[in-house]
Amino acid sequence: MTDSTEPAPLDPEDRKIVTLARSARARNAVQEGAAVRDETGRTYVAGTVALDSLRLSALQTAVAMAVASGAKSLEAAAVVSEAETLADADRAAVKDLGGAGTPVLLAGPDGVLRLRATAG
């Protein structure tokens, strides 16, 4: 598990999934927004699911959407949240589909990157 808090610039594709995650968070008025990019470049965007009988983080939901749509792997994942760290369960979901080296980005609600990590 590699983490870096250095504010390195994002490439355009990673900036896109951060923007999509930010948009999902704002549009749905949820605690977190997330987006993942699969091996074909398709993106899946989700917010937190908080039902009485089902609770999923935004990233877990985005990974589930990718799997349900037939994705075989992930290239990258992004979460927009007030949190300062990534939840272990979120990393595990990304690792399950994308592998240990899959990049996971954590940005604040303002879209500024807080953390660049890997799933494993």
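Quick notes on the rules
Residues numbered from 1 in each chain as written. Predicted model: local features only at pLDDT ≥ 70, side-chain atom pairs only at ≥ 80, totals over all residues. Heavy atoms only, no water. Salt bridge = Lys/Arg side-chain N within 4 Å of Asp/Glu carboxyl O. Helix = DSSP H or I, 4+ residues; strand = E, 2+ residues; numbered from the N terminus. Buried < 20%, exposed > 50% of the residue type's maximum accessible area, 1.4 Å probe, protein only. Axes fitted to C-alpha atoms, helices over the stretch in contact; angles between N-to-C directions. Parallel < 35°, antiparallel > 145°, perpendicular 65-115°, else oblique. Left-handed = near helix turned anticlockwise from the far one by under 90°. Contact = heavy atoms within 4.5 Å. Nonpolar A, V, L, I, M, F, W, Y, C, P; charged D, E, K, R; others polar. Pairing = 2+ DSSP bridges.

K.L.:
What is the right way to read the pattern of salt bridges from this model?
P.N.:
Close approach of charged atoms allows side chains with opposite charge to pair. Considering all chains together, one arrives at five salt bridges under this definition. A salt bridge links Arg114 to Glu84, with the shortest nitrogen-to-oxygen separation between them at 3.6 Å. Here Arg114 is found in strand β8 (residues 113-118), whereas its partner Glu84 is found in the loop between β6 (74-80) and α3 (88-98), with 30 residues between them in sequence. On the basis of relative accessible area, Arg114 is assigned to the partly exposed category, the value being 26%. Given a relative accessible area of 57%, Glu84 falls into the exposed group. Overlapping salt bridges, with partners in common, bring together Asp14, Arg37 and Glu75 in one network.

K.L.:
Looking at this structure, how should I read the packing of helix α2 (residues 58-68) against α3?
P.N.:
In a pair of packed helices, the angle between the axes and the distance between the axes together describe the arrangement. The geometry of α2 relative to α3 is characterised by a closest axis approach of 9 Å and an angle of 20 degrees between their N-to-C directions. The orientation of α2 with respect to α3, classified from their angle, is roughly parallel. As α2 packs across α3, the resulting crossing turns out to be left-handed. On the side of α2, the interface is formed by Leu59, Gln60, Val63, Ala66 and Val67, while α3 contributes Ala89, Asp90, Ala93, Val94 and Leu97. Here the residues of the contact of α2 with α3 sort into eight nonpolar, one polar and one charged.

K.L.:
Would you mind going over unusual backbone geometry with me for this structure?
P.N.:
At Ala29, a residue that is not glycine, the phi angle is positive and equals roughly 50 degrees. Judged by relative accessible area, which is 72%, Ala29 ranks as exposed.

K.L.:
For this particular structure, what's the right way to read the pairing of strand β3 (residues 43-47)?
P.N.:
Look at any regular strand and the pattern is simple: side chains alternate between the two faces of the sheet. Note that strand β2 (residues 33-38) and β3 share five bridges and pair antiparallel. Bridging from a neighbouring strand, Gly33 pairs with Gly47 of β3. Once β2 ends, the chain turns through four residues before running back antiparallel as β3, passing Gly41 with a positive phi of about 95 degrees.

K.L.:
How do you make sense of the environment of Gly99 when you look at a structure like this?
P.N.:
Position of Gly99 relative to the elements: it lies in the loop between α3 and β7 (103-107). The sequence separation of Gly99 and Ala64 amounts to 35 residues, and the corresponding C-alpha distance is 15 Å.

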